[in-house]
Amino acid sequence: MCHVRTSWKKFVFGFFIGFLTTFFIVTFLKICCALESSKLWNPKPMPKPDNSSVSEELAHKVRVLCWVMTSPKYLKTRTIHVKYSWTRHCNISLFMSSTSSDSFPTIGLGTKEGRSQLYWKTIRAFQYIHKHYVNQADWFLKADDDSYIVMENLNLLLSNYTPDQPIYFGKLFKPFVKQGYMSGGAGYVLSKEALKRFVEGFHSGNCSHRSSVEDLELGHCMEIMGVAPVDTRDSKSRETFHPFTPEFHLTSHFEKNDLYLDYSNYPVVEGPKCCSDLAISFHHLDAELIHTLEYFTYHLRAYGYQYRYQPQWPALTDRLHINTKNPINIKTNLTESSAVKNIGTDV
């Protein structure tokens, strides 16, 4: 009987010691992880890659202003990571919010916060850029604060066009607008002429804030003002702008009734052939993935492998998205109806 009591005490004592040991180990690991994660709040930017003379020359030729839509509550959890990663590769980078912040810094647009304000933010951001920066850049990229953009690949695409053409770029969706519209999540780029026409559209009253669906409403205005969407797929018909994460596009299986299939203007390809080797954008990324993509894009290399994919972009006339029911005049990119509407408008 005494032996049984002793064994029971040893068991309880051993269980208690094991519990305490496990508790302290788990607590220690949580503290370590928390300390490691806290570094991302004020991350140190990775050094830019060596031997980047070609991309630097292209960036000098293709002047891109990047503006990021954000809000005060996301500055330390999202926007700081965008600031210390891909926006360093823009010619000019601006952060647009409802209120200004000198310490970040952000530009206050005088709007409220929330999804209902997204299009107001977009309108006022482009108006602000047109007023203060229209002559300092040729192309104007809008992106979200949970996006990643490979600027060198964007510069390559834009180098095939001129900023005086009324065109814009992105991931083309097809419903609700005859010529389609670019996904807001994937990011989109306006030429200088497109920016001027967008601002003029609100000045003249041809465009208005009909709803808060930012990308759709901007697409409506682009169509009214004779700005044509461009086919941004590469020479192998692979998408370059992506509204979701790399994992989503690379591994997802889509059923026939999937909304993504219904919205995508071009056929959706499953698996690795979904995405261009020279992909430009991804969306819905957390901080860790943004920094991971920064590393993969600029630092990870397979030793001894010589990259061979050099795309030949088709001619401009083959890349404008032409609506057969309401064809676009290639010279001006104005439909007949919008050309009549804009006679006498010097933008």
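Details of the structure are given in the entry above.
Residues numbered from 1 in each chain as written. Predicted model: local features only at pLDDT ≥ 70, side-chain atom pairs only at ≥ 80, totals over all residues. Heavy atoms only, no water.

Asks: Could you clarify how one ought to interpret the environment of E294 in this entry?
Replies: Topologically, E294 is positioned in helix α10 (residues 287–298). Expressed as a C-alpha distance, the spacing of E294 and I149, which sit 145 residues apart in the sequence, is 9.5 Å. (Helix = DSSP H or I, 4+ residues; strand = E, 2+ residues; numbered from the N terminus.)

Asks: What is the right way to look at the pattern of salt bridges in this model?
Replies: Summed over all chains, the structure comprises 13 salt bridges. In this structure, R88 and E294 form a salt bridge, with 3.0 Å as the shortest nitrogen-oxygen distance. Of this pair, R88 sits in the loop between α3 (75–83) and β2 (92–97) while E294 sits in helix α10; the two residues are 206 residues apart in sequence, bridging distant segments of the chain. For R88, a relative accessible area of 22% corresponds to the partly exposed category. A network of salt bridges, in which partner residues are shared, links R63, D138 and K192. (Salt bridge = Lys/Arg side-chain N within 4 Å of Asp/Glu carboxyl O. Buried < 20%, exposed > 50% of the residue type's maximum accessible area, 1.4 Å probe, protein only.)

Asks: Could you clarify how one ought to interpret the packing of aromatic side chains in this entry?
Replies: Counted under the stated rule, the structure contains 17 aromatic pairs. On the numbers, 5.4 Å between centres and 85° between planes, the contact of F95 with F104 is edge-to-face. Exposure remark for F104: the relative accessible area of 8% places this residue in the buried category. When the ring of Y295 is compared with that of F296, the centres are 5.7 Å apart and the planes differ by 50°; the resulting orientation is tilted. A residue is classified by how much of its surface remains accessible, and Y295, at 35% relative accessible area, is partly exposed. For F296, a relative accessible area of 46% puts it in the partly exposed group. Feature note: the residues W67, Y119, F126, F198 and F202 constitute an aromatic cluster, connected by ring pairs. When the ring centre of F104 is taken as origin, the NZ or CZ atom of K83, which lies over that ring, is 4.7 Å away. (Phe/Tyr/Trp six-rings, centres within 6.5 Å; stacked < 30°, edge-to-face > 60°. Lys NZ or Arg CZ within 6 Å of the ring centre and 35° of its normal.)

Asks: What am I meant to see in the state of the cysteines here?
Replies: Such a bond, covalent and formed between the sulfur atoms of two cysteines, is termed a disulfide. For the structure on display, the rule yields three disulfides. Disulfide pairing places C207 opposite C221 at an S-S distance of 2.1 Å. Linking C207 and C221, the disulfide has an S-S dihedral of approximately 90° and is accordingly described as right-handed. Taken together, the positions of C207 in the loop between α6 (192–204) and α7 (214–224) and C221 in helix α7 put the pair 14 residues apart, joining distant regions of the chain. Note on cysteine connectivity: C274 is disulfide-linked to C275, with sulfurs 2.4 Å apart. Torsion about the S-S bond of the C274 and C275 cystine: about -85°, corresponding to left-handed handedness. Here C274 falls in the buried class, since its relative accessible area comes to 8%. (Disulfide = S-S within 2.5 Å.)

Asks: Just to check I follow, could you spell out the sheet that holds strand β4 (residues 139–144) for this structure?
Replies: Within the open sheet, the seven strands sit side by side as β3-β2-β1-β4-β9-β6-β10. Their pairing is mixed. With one partner strand each, in any of the chains shown, β3 (107–108) and β10 (228–229) form the two edges of the open sheet. Along the sheet, α6 makes contact with β4, β6 (167–169) and β9 (188–191), crossing β9 at roughly 90°. (Pairing = 2+ DSSP bridges. Contact = heavy atoms within 4.5 Å. Axes fitted to C-alpha atoms, helices over the stretch in contact; angles between N-to-C directions.)

Asks: Got a minute to help me understand the nonpolar core in this structure?
Replies: Most often, soluble globular proteins keep nonpolar side chains buried together rather than apart. Judged by nonpolar contacts, the single largest core of 41 residues is most densely connected at L65, W67, L94, F126, I129 and F198. Taken together, the elements giving at least two residues each to this core come down to β1 (64–69), β2, α4 (118–133), β7 (172–173), β8 (181–182), β9, α6 and α7. When residues in this core are grouped by element, the largest group, seven residues, is from α4. Ranked by size, the runner-up nonpolar core spans 36 residues in total, among them C66, M151, L158 and I167. (Core = buried A, V, L, I, M, F, W, Y, C linked by side-chain atoms within 4.5 Å.)

Interpretation note: all reported values are geometric properties and have no functional meaning in isolation.
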